[in-house]
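Residue-level structure breakdown
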Amino acid sequence: MNTSSAPQMIEYANKSLDYTPHDTRWLPGTAKLAVTGVSPSGKGVLSIHELVRDGTKDLFHDLSFRSSGIKCASFGASRLGDGHLAMGCFDGSLSICDVNVATSDANKSDLFGVKAHEGIINALDGVGGTTCSYGAPELVTGGKDGCVKVWDQRTTKPVVTLKPDESSSARDCWTVAFGDSYNNEERSILAGFDNGDVKLFDLRTSKIVWETNVENGVTSVQFDRQDIQKNKVVVTTLESQFKCFDMQVQHPTDGFAFTSERAHRSTVWLSKFLPQNRDIFLTGGGNGGLNIYKYHYPQTRVGKHVQDGAAIGIAGSVELLNSRVISTQPVTSFDWSPDRQGLCCLSSMDQTFRIFVVTKLEKH
């Protein structure tokens, strides 16, 4: 790792919180961010902050914004300027609020609400908004009940439901992500489960097109970009490991090629691709650390299987660009700004949210 040209992680601001944060999200097109979590009384908390010259300014803070703690949130299905924040709660409820209205009158901010899962909603992702304009705005949720559901806010019924087999015990779905949405017809969902299962579901054909097991509980999954044909995916797990899958070629029996790396010497809780450069991604660990990696493609991404002669993918390699421990507690959420390269926000279990600026990314 050459530190002279490596990206530098500089803390711009930090703020101690009177609740436990679970998610942080930039509001696209603005200098505002939303922080969600759970209060000491078990209520759902929403805070809105704005980036200013000398740190952050509090715009809204409600320790009982929801009757149950808020586990996950996303602006992914919100059009530019709308500020529609989707939230998944500990009691299994899914709701959408207008954060622009909430700052003036929280009682009038609710746009959508439904009982989505039996038990906690562990993960939530959105598509069709600012970062991906193809197709209708949709949400996907994954819950403790083992179900993965796709939602359109124009109806209170899920448009797609993936349920575990009746004969098997349901495994917690810990993470979900949209991708492969490169036109108005194509769209896929990736889901990760506590037993290490990873499943890819094609929404157009309504079929599971690929599944594998990565041996440890899956803490996060993410496509490098939502609005292109599936290219690569990072899957992070318990036991200090993540895998990067090359999704260009799927072999009938061996599936997708991948490279595996160990990181943080603890659980790798999350991964986030840089919106402005899909070959750079960051991981957050249980040791309170952040690692920045760059993915290098091989000279050729397609080879021939030695046994059946079918096309098979060839995985690239990952290079650690820099790492930094920023907290004594696990990093629970992270979000890159979609508008400013290198600007990011994150939260950790020490009840603090931080804003960082990562420099020199353009050199990689």
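Refer to the structure presented above.
The paragraphs below set out a description of the structure included in this document. The model shown is predicted, which means the values in this text are computed figures rather than measured ones.

Within strand β3 (residues 32-38), 6 of the 7 residues are buried, which leaves it mostly tucked inside the rest of the structure. Pairing of strand β2 (residues 20-26) with β3, which is carried by 6 bridges, proceeds in the antiparallel orientation. Among the inter-strand pairings, Thr 20 is bridged to a residue of β3, identified as Val 38. When β3 meets strand β4 (residues 44-52), the two strands line up antiparallel, connected through 7 bridges. Bridge pairing in β4 links Thr 36 to Leu 46.

Moving on, we come to unusual backbone geometry. Its identity is not glycine, yet Ser 206 carries a phi of approximately 55°, on the positive side. Summarising the element assignment, Ser 206 is placed in the loop between β16 (197-202) and β17 (207-213). Unlike most non-glycine residues, Glu 239 shows phi in positive territory, near 60°. The residue Glu 239 is located in the loop between β19 (232-237) and β20 (241-251) in this model.

By the secondary structure assignment, Ala 116 is in the loop between β9 (110-115) and β10 (121-127). Under the relative-accessibility criterion, Ala 116 is labelled buried at 1%. Sequence separation of Ala 116 and Thr 175 is 59 residues, and the distance between their C-alpha atoms is 15 Å.

Below, the discussion takes up the pattern of salt bridges. In total, this model carries 17 salt bridges according to the counting rule given. In this structure, the salt-bridge partner of Asp 246 is Arg 301, at a minimum N-O distance of 3.0 Å. Of this pair, Asp 246 sits in strand β20 while Arg 301 sits in the loop between β24 (289-296) and β25 (302-304), placing them 55 residues apart in sequence. For Asp 246, a relative accessible area of 0% puts it in the buried group.

Turning our eyes to something else, we now look at the side chain of Thr 283. Among the structural elements, Thr 283 can be located in strand β23 (residues 277-285). A residue is classified by how much of its surface remains accessible, and Thr 283, at 0% relative accessible area, is buried. A polar side-chain atom of Thr 283 sits 2.8 Å from a polar atom in the side chain of His 264. Residues in contact with Thr 283, not counting those within four places in the same chain, are Phe 242, His 264, Val 268, Leu 270, Ser 271, Gly 289, Leu 290, Asn 291 and Tyr 293.

For the rest of this paragraph, the subject is the side chain of Thr 259. If you trace the backbone, Thr 259 turns up in strand β21 (residues 255-262). Setting aside its immediate chain neighbours within four residues, Thr 259 contacts Phe 242, Lys 243, Cys 244, Tyr 295, Ala 315, Gly 316 and Val 318.

We now examine the sheet that holds strand β29 (residues 343-348). The strand order across the open sheet formed by 4 strands is β1-β30-β29-β28, and the pairing between neighbours is antiparallel. For this open sheet the edge positions go to β1 (9-16) and β28 (331-336), each flanked by a neighbour on one side alone. Each strand of the sheet is rotated relative to its neighbour by a mean of 20°, with strand direction disregarded. Bridging between β1 and strand β30 (residues 352-358) involves 7 bridges; their strand directions are antiparallel. When the sheet's bridge partners are listed, Lys 15 is paired in β30 with Phe 353.

So, about the environment of Ser 93. Relative to the helices and strands, Ser 93 is located in strand β8 (residues 93-98). For the pair Ser 93 and Val 214, spaced 121 residues apart in sequence, the C-alpha to C-alpha distance is 29 Å. Residues contacting Ser 93, with those up to four places away along its chain left out, are Met 87, Gly 88, Val 114, Lys 115, Ala 116 and Ile 121. At 2.7 Å, the side chain of Ser 93 and the side chain of Asp 91 are in polar contact.

Below, the discussion takes up the sheet that holds β16. Taken in spatial order, the 4 strands of this open sheet run β14-β15-β16-β17, and their pairing is antiparallel. Among the strands making up the open sheet, the edge pair consists of β14 (173-179) and β17. Here the average twist between neighbouring strands, direction ignored, is 15°. In this sheet, β17 lies alongside β16 in antiparallel orientation, the contact comprising 6 bridges. Directly across from Leu 200, in β17, lies its bridge partner Trp 210.

What follows is about the nonpolar core. Note on soluble globular proteins: their nonpolar side chains tend to be buried together. Grouped together as the largest cluster of nonpolar side chains are 17 residues, with contacts concentrated most on Leu 282, Leu 290, Ile 292, Phe 334, Trp 336, Leu 346 and Val 358. Those elements that provide at least two residues to this core are β22 (268-274), β23, β24, β28, β29 and β30. Looking at this core, the element that brings in the most residues is β28, giving 3 residues. When near neighbours in sequence (up to four residues on either side) are disregarded, Leu 282 contacts Leu 270, Ser 271, Lys 272, Leu 290, Asn 291, Ile 292, Phe 334 and Trp 336.

Reading guide: rules and limits
Residues numbered from 1 in each chain as written. Predicted model: local features only at pLDDT ≥ 70, side-chain atom pairs only at ≥ 80, totals over all residues. Heavy atoms only, no water. Buried < 20%, exposed > 50% of the residue type's maximum accessible area, 1.4 Å probe, protein only. Helix = DSSP H or I, 4+ residues; strand = E, 2+ residues; numbered from the N terminus. Pairing = 2+ DSSP bridges. Salt bridge = Lys/Arg side-chain N within 4 Å of Asp/Glu carboxyl O. Polar contact = N/O pair within 3.5 Å; in protein donor to acceptor, adjacent residues only side chain to side chain. Contact = heavy atoms within 4.5 Å. Axes fitted to C-alpha atoms, helices over the stretch in contact; angles between N-to-C directions. Core = buried A, V, L, I, M, F, W, Y, C linked by side-chain atoms within 4.5 Å.

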